[in-house]
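Remarks on the overall topology
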Number of protein chains: 4
Amino acid sequence: MNKKMDFSIPSLGVAKISSPIIMSSTQNDGQADYVDDSDHILYGIDTDIDKDGHPVPRHEETVELAGPRSKIYFNPAHVHAAIATCGGICPGLNNVIRAVVRCFWYRYGVRRISGIRFGYQGLLENSPWPLMPLDPDVVDDIQEKGGTILGSARGGGKQVEEIVDSLERLNINILVTVGGDGTLRGAWEIYEEVKKRGLKISIIGIPKTIDNDLSFIQSSFGVDTAVQMAVPVVRSAHVEAKNSVHGIGLVKVMGRESGFIAAQTALAQSDVNFCLIPENPFDLDGPNGLLEHLRRRVLDRGHAVILVSEGAGQDLVPETGEKDASGNVKYHDIGVFLKEKIIEYFKKEGIETNVKYIDPSYIIRSASADSYDSIYCARLGAHAVHAAMAGKTQALIGLLHNRFIHLPISLAVSSRNHVDLEGSLWRDVLENTRQPLSMKNFNFD
Amino acid sequence: MNKKMDFSIPSLGVAKISSPIIMSSTQNDGQADYVDDSDHILYGIDTDIDKDGHPVPRHEETVELAGPRSKIYFNPAHVHAAIATCGGICPGLNNVIRAVVRCFWYRYGVRRISGIRFGYQGLLENSPWPLMPLDPDVVDDIQEKGGTILGSARGGGKQVEEIVDSLERLNINILVTVGGDGTLRGAWEIYEEVKKRGLKISIIGIPKTIDNDLSFIQSSFGVDTAVQMAVPVVRSAHVEAKNSVHGIGLVKVMGRESGFIAAQTALAQSDVNFCLIPENPFDLDGPNGLLEHLRRRVLDRGHAVILVSEGAGQDLVPETGEKDASGNVKYHDIGVFLKEKIIEYFKKEGIETNVKYIDPSYIIRSASADSYDSIYCARLGAHAVHAAMAGKTQALIGLLHNRFIHLPISLAVSSRNHVDLEGSLWRDVLENTRQPLSMKNFNFD
Amino acid sequence: MNKKMDFSIPSLGVAKISSPIIMSSTQNDGQADYVDDSDHILYGIDTDIDKDGHPVPRHEETVELAGPRSKIYFNPAHVHAAIATCGGICPGLNNVIRAVVRCFWYRYGVRRISGIRFGYQGLLENSPWPLMPLDPDVVDDIQEKGGTILGSARGGGKQVEEIVDSLERLNINILVTVGGDGTLRGAWEIYEEVKKRGLKISIIGIPKTIDNDLSFIQSSFGVDTAVQMAVPVVRSAHVEAKNSVHGIGLVKVMGRESGFIAAQTALAQSDVNFCLIPENPFDLDGPNGLLEHLRRRVLDRGHAVILVSEGAGQDLVPETGEKDASGNVKYHDIGVFLKEKIIEYFKKEGIETNVKYIDPSYIIRSASADSYDSIYCARLGAHAVHAAMAGKTQALIGLLHNRFIHLPISLAVSSRNHVDLEGSLWRDVLENTRQPLSMKNFNFD
Amino acid sequence: MNKKMDFSIPSLGVAKISSPIIMSSTQNDGQADYVDDSDHILYGIDTDIDKDGHPVPRHEETVELAGPRSKIYFNPAHVHAAIATCGGICPGLNNVIRAVVRCFWYRYGVRRISGIRFGYQGLLENSPWPLMPLDPDVVDDIQEKGGTILGSARGGGKQVEEIVDSLERLNINILVTVGGDGTLRGAWEIYEEVKKRGLKISIIGIPKTIDNDLSFIQSSFGVDTAVQMAVPVVRSAHVEAKNSVHGIGLVKVMGRESGFIAAQTALAQSDVNFCLIPENPFDLDGPNGLLEHLRRRVLDRGHAVILVSEGAGQDLVPETGEKDASGNVKYHDIGVFLKEKIIEYFKKEGIETNVKYIDPSYIIRSASADSYDSIYCARLGAHAVHAAMAGKTQALIGLLHNRFIHLPISLAVSSRNHVDLEGSLWRDVLENTRQPLSMKNFNFD
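Residues numbered from 1 in each chain as written. Chains lettered and ligands numbered in written order. Predicted model: local features only at pLDDT ≥ 70, side-chain atom pairs only at ≥ 80, totals over all residues. Heavy atoms only, no water.

- Under an unreviewed UniProt entry, the name given to chain A is ATP-dependent 6-phosphofructokinase, and the organism recorded is Sphaerochaeta halotolerans.
- The heading Cofactor (unreviewed entry) in the UniProt record of chain A holds the text "Mg(2+)".
- Word for word, the UniProt comment on chain A under Subcellular location (unreviewed entry) is "Cytoplasm". (UniProt positions renumbered as here; feature names shortened; annotations may be inferred.)

**Structural notes on unusual backbone geometry**
- At A:D141, a position not held by glycine, the phi torsion is positive, near 70°.
- Of note, A:D141 is situated in the loop between helix 2 (136-139) and helix 3 (160-169). (Helix = DSSP H or I, 4+ residues; strand = E, 2+ residues; numbered from the N terminus.)

**Considering the relation of the copies chain A and chain D**
- Note on the identical chains: chain A maps onto chain D by a rotation of 180° and an axial translation of 0.0 Å, with an RMSD of 0.0 Å. In short, the pair behaves as if placed about a two-fold rotation axis. The rotation axis passes nearest to the C-alpha of A:H401 in chain A, at a distance of 2.3 Å.
- The share of interface residues of chain A whose copies in chain D are also at the interface is 100%, consistent with both copies meeting through the same surface. (Least-squares fit on C-alpha atoms with pLDDT ≥ 70 in both. Contact = heavy atoms within 4.5 Å.)

**A word on helix 3 of chain A**
Residue and element names in this part refer to chain A.
- By the burial criterion, the buried members of helix 3 are V160, I163, V164, S166 and L167. Down the axis of helix 3, the buried side of the element spans an arc of 155°, and every buried residue falls inside it. Opposite the buried face of helix 3, at more than 90 degrees from it, the exposed residues are E161 and R169.
- Close packing links the buried residues of helix 3 with strand 10 (174-179) and helix 4 (181-196). (Buried < 20%, exposed > 50% of the residue type's maximum accessible area, 1.4 Å probe, protein only. Arc of directions from axis to C-beta.)

**Details of the relation of the copies chain B and chain C**
- The operation relating chain B to chain C is a screw motion whose rotation component is 180°, with 0.0 Å of axial translation and a residual RMSD of 0.0 Å.
- Here 100% of the interface residues in chain B have copies in chain C that are interface residues too; the copies meet face to matching face.

**A look at helix 1 (residues 93-108) of chain D**
- Across its 16 residues, helix 1 of chain D extends 22 Å between first and last C-alpha, which sits within 8% of the 22 Å expected from 1.5 Å per residue.
- Just beyond helix 1 of chain D, the residue with positive phi is D:G109, at close to 75°. (Expected span 1.5 Å × (residues − 1).)

**Here we look at the side chain of C:S24**
- Inspection of the secondary structure puts C:S24 in the loop between strand 1 (17-18) and strand 2 (40-42).
- Within the structure, C:S24 has its side chain in polar contact with the side chain of C:D33 (distance 3.4 Å). (Polar contact = N/O pair within 3.5 Å; in protein donor to acceptor, adjacent residues only side chain to side chain.)

**Some points on the side chain of B:E422**
- Locating B:E422 in the fold gives a position in the loop between helix 11 (409-412) and helix 12 (424-433).
- Despite its burial, B:E422 pairs with no opposite charge; the closest candidate is B:R427, at 10 Å N-O.
- At 2.8 Å, the side chain of B:E422 forms a polar contact with the backbone nitrogen of C:D29.
- Contacts of B:E422, omitting those with residues within four sequence positions, involve C:T26, C:Q27, C:N28, C:D29, C:G30, C:Q31, C:A32 and C:D33. (Lys, Arg positive; Asp, Glu negative; His and termini not counted. Salt bridge = Lys/Arg side-chain N within 4 Å of Asp/Glu carboxyl O.)

**Focus on the domain arrangement of chain A**
All names here are of chain A.
- Annotation of chain A at the domain level lists domain 1 (17-220 + 369-413) and domain 2 (223-365 + 422-433).
- Residue-level contacts link 17 residues of domain 1 with 19 residues of domain 2.
- Between domain 1 and domain 2, a total of about 1500 Å² is buried, with carbon and sulfur atoms accounting for 48% of that surface.
- The largest share of the area that domain 1 buries against domain 2 comes from R154, I210 and D211, three residues that together contribute 40% of it.
- Run the count over domain 1 and domain 2 and you get zero salt bridges.
- Connecting domain 1 to domain 2 are six residue pairs in polar contact (both at pLDDT 80 or more). (Domains from an automatic or database assignment. Buried area = accessible area lost by both parts, 1.4 Å probe.)

**Side note on the UniProt feature "active site" (unreviewed entry) in chain A**
Residues and elements named next belong to chain A.
- With numbering aligned to this structure, UniProt lists the feature "active site" (unreviewed entry) at D211.
- With respect to the helices and strands, D211 occurs in the loop between strand 11 (202-207) and helix 5 (223-242).
- On the accessibility criterion, D211 (6% relative accessible area) is buried.
- Setting aside anything within four residues of it in sequence, one finds D211 in contact with M254, G255, R256, E257, S258, F260 and E310.

**Overview of the interface of chain A and chain D**
- Contacts between chain A and chain D engage 66 residues on the former and 66 residues on the latter.
- Summing both sides of the interface, chain A and chain D together bury roughly 5600 Å²; the carbon and sulfur share of this comes to 48%.
- When the buried surface of chain A facing chain D is broken down by residue, A:I45, A:E422 and A:R427 rank first, second and third, together holding 14% of it.
- Here chain A is connected to chain D by five salt bridges.
- When the shortest N-O distance is used, the salt bridge between A:R403 and D:D46 registers 2.5 Å.

**Focus: the interface of chain B and chain C**
- Each side of the interface is counted separately: chain B has 66 residues, and chain C has 66 residues.
- Interface area, chain B with chain C, both sides summed: about 5600 Å², of which 48% is carbon and sulfur.
- Among the ionic pairs, B:R379 bridges to C:D428, the shortest N-O distance being 2.8 Å.
- With eight residues, the top contributor of residues to the side of chain B that touches chain C is helix 10 (residues 371-389) of chain B.
- Partitioning the side of chain B that touches chain C into residue classes produces 24 nonpolar, 23 polar and 19 charged. (Nonpolar A, V, L, I, M, F, W, Y, C, P; charged D, E, K, R; others polar.)

Below, the structure written as structure tokens:
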């Protein structure tokens, strides 16, 4: 992180058109203000103090604030905006769609807004799915349902030329794409292709990753809802565990590379005894392995609850070597694997046990957004529209220090966000679960 | 059903002691009344009409009403009451325990009330678990949690002599046992052994079967909560199905021999297209088989939702030949089986599909009781205590025509309760799902 | 109740048309059966036993079962069906509308179905609201929202001639009306006017009363949801009460003449100390009055929770003399009254107290139906359509002994349903709250 | 804000004792690290750019990070820690208590932890309430209930000397106080008195304000839960409004001086048409007043929903001149006032209307914390303990830029936090409700 990062946002051209949104350009007049391209915030907030007592921030980078500009690039009458939702479903997708449509329609007067069906697939040459016309009536109340009215699909990101052909043919000049790492890489390639062809198409990204593994985004939409949904499931596992002889409740939650949902869920209630995340490798066997700790807990307290991220312990399970349509490595199911290992181990030890395994993934990700995510998505959507109308491109709408910002998509996909094992979140998880700091056996020879 | 059934309830002896509960013995004085042993209701309500226009009920049997008697058999000071919860967990168990304890304590002044741990296991000779003393403080607020504070376990019903030895040794003279078919058969054998030994121990059953498969009980506690919990899961499956190309949501719910939870869940909302229950066999293949109907639905509407009872289609899956600790036949997982068959079929047909399988069983059965079941359990528990104190034995507390009744346990376990394919419940399910009346292929040669 | 009641249902004429619904007329062939006009159940189930041991039912009356008939009266192609929802809103109204529309459309092939806006008001001569055309698309998913898509209103029942004029002018030959006591009296008058004019218009009622105060109906739709919604509110009141010095939580629920919601809510959880219902008068002052009992409870335990039906204690509050648009007497707000009296009393006694009053009525009645009521409403709606198509009129769809039946509307509105102070429900409430049997002061001179 | 603020935190003395918490002091070793007093973050993140392109932050202040120190001030064996919860109840109080107790007990080995009953009242000379001994068993599962197990009360802050006398007498050397503006002013005075007497008592504050009106704290605990609870109430109001002729749903939520709950609730869903907050004055009458806008909305769309903060429109209602026990000005009920004004206005205009007013305040504030607030409270509590053990005093635990920090209590209570009418939150509310930017009539003469 020490080499300076480039946070600058490309532009399609000079924004010369007065925004139809009426706001104030002077502060302290009690009226909402436009945001200026020069309005920046510091990227890093950690600081040293110099000899005169002045702070010397450890990072120099600043980030552009998102929000409505006084001048816009696109004439609303000429805009054909399109929106796509890609990858797995996640609470809040419909809220984002709704906010994007409403902001285009009501604030900027844009009347051609189209939904692309099933991720980028609706833009492929042979797609059976026509564009879905969107307006405030179509999106009214859609946020009360989980999922996305557009449908979603992984993949399709490979056919960049085909997609840009479609954008040209359909006269789409704004593309808002909602997706995770793979989708955003696709968006970046689309941006590069658009640039190569000299087209004036704005490519705006809204980050969607229920695993919360995108860097530069303090928290992804859907994560709060996911934790709200996971908590009662852990409670169920606890009831099951307590109600049978040596009961063990085992719950798997989303988190391929980052254990945020598991960590937050373990903090949000008090029933988890072992929280296993991808960032923190563990051994199964040996004197400091999970099974030995589990044995002691079960004999001591009669029951135990384990919460595991889907990406935890991947060194323990045999490889599949497969990838899904978005290019993500396919993991063996750590939940099923753990369940079998635990049963086998306790049988070998001659200890009666009852293992109850719950995989609530579909229930969690199909939920409608809670109020936290509803607010977040409403605001992400509006800020995406403001960025697009201002002629920004290759811009991802992010949240940093609780402020909405513009991030270059290329930068956002350059690194992953992980639970910091030395940070305060994991520290507080350890205090709540009271699990061992490490369940690795160390070799001292 | 035509041969006359015997609904008479055995008694430990003449009830001579005045009840400490103060009630009225005269009607219409505005005060709650005792129930008399002669208060009966008709078992059957279907009727023919004779030539004079008078009704001729098709059943002659009458059933004894439950409730507090003016005279009781046991001196409360001499009572040692015990309660056991057996079999799988089910919403409402803690409510029942709480009601039993409170009614013994507050209404009859009984001060020795014990909980038996893990089903009948706590009564076995080598049980590591001592009796758990119960009083209103211990059971305060326990109903807010799912499961049972006593723990539960299957089996143990075989060691009848050992159990009765323990009852004698522990001076238990009232045993309230909460469980399903297997447990109640055990209770009946305990009653027979008690009778053989000439002991004055009242054996009272409270029926617990989340599958609702006990005859003579209009609906079991926990079923209403189970349906409340299943509905949002089906909604999740529907969201998942609609959000992917040719998405198929598949949900498995409890119901080994009877499909009540599936049928009621299919009626309670509008997303289920195929409701599969044990009572209604179906074919997978062939022109009228499930897969062909599913193919048409998916191609026609883009998605489908299937709700399957765990006991449906057992003729289709290979036998395991195993039984669980309660003696129930172990079924193959019809959900996993269907998921694989569907994927295989659509692959063979060359149709893209996305199958999302959800098994919410542990989440459903570990829930705390909703208000409907809370009320029901509070009342079941109180009526069990009234029956026991009056010296009834071999009595199951039932609900018939919305009245609390006493049923001989032996009669209750003599037949199973099934969804009547000719009745109005299934008729209304068919209207709601609009699935074919039958998915069997008929052979006309 | 001793004089024999007439349960016979008028008919518009002989049903000669074969039903488009394909069912079986033979039992035990595994296929759903038609219901025959001769299928009856016993009204009363209480019984005496004659000297030969045979039951002698205390009631002679039998009731006609609801359900699809093999022959129908109306040609579906000639039907114009209309539905109105009247009175205050109640959980389940949209479910009923949806079920009625779907059954007409899918089962009988009826294509002209209209919604009447705002109760009977949409049928008045000068109504600004045209009929709302209904079909399965319009009613898709409406059950997920509370209230009624038609709107609802009290009153309008007086203009019977005007309403029947409209029915004639609009060629409506089936009117399904969903409402309570006042609405059903209106329906009855409409039926009489229709009969007087010799019109062939079927008038079918679906009983709606969140107070559950209609006789002959074992429980009204919406009541179960109301209790589910009331329980957490009482829990809130309990938290508020416990968290302040001498805290008193006071909750008012619906129930003008009957205290079912209050009684069931008090049974469904364990926080209510005083449950006040219209059927059980109480004194405020005096040694056995509410305030004295409250004082003792608060000093003894530090807090108290009171649950009061809106119609309780009406002899205590000054009369208003007003009626609402449906003709219901307007009561003073007993909740506000009690709150003031309690504050005044404790101030006079010099005891610090904190009274927190919650009126959740609008939150409760606007809820969407829980699964219990969803199922109930789906089935009520279907049975109403079956009754109408068969040419029944003046028929109310009821539920008796868990069977769907036809009741003459005139009979249904002839008496009110009340909590029986001598029955088992109130007995169990008293055991749960442990409140005094009576809080009246008796005069012994 | 331009004059430099002092963020320095007083200390009781040099922390010399090694912490019993085992952590790492080196970064990047994969183990959780201690926090050092020199670890600071920037207070302000807005920045200008100098001529060389370097950022020039607009604020110079830095803030101390919270977290476990390697050296602590108090010997855990000598600690008597006490905790008090003051003011109105708020979701999350029990979570905070639980976290404080567990961190003292498990992490530091402190064994004397006491709860003070009913705010500061339990420390008054004549308090009838003894200290409540706290340990992990007592606080197990308390977070599942709303409110606070200690009880809460306003006031008591005036008797500073009496309180410090009690602290001395009870040998309390750590006081954790959870409360809002008034409570924290009291804590500050206690700190001053403690300092004057030369006592070594650490005074640590945890900010509690459901109105979110404390400066320097990005969001208060309980606010997220409050919004989650308010959303379905607004939905109820919307159902009520839509279901009656010219229906108007009116909901009042907490927010005496700041309208955060109202603003966020209005953003979290789509039913609010008018969001009224204290920061944004409005007129009732006149061409640009609320009533005229309401009239147009109701005639145009048939219904309307108004969401009002309790502190909105205080210039419109007559003054009461009273204060509550904490010294907060008592406002007239703006909800009741608006209801009456609206009814009166529409009656005068001759327009039928139905106003449904809901005040869910007690239901909201007595809720148990959602997962967001559970996590937040767990972490606030732990950080408070770390601060106290390190010998910090007059320190408030805050959250700034998503980092836990120490704030001087005196600074925190020096200004209020308000919804910024020129900021992005209010901008997004206006876009969601589509209400007028201002409902004031301007005078142009």
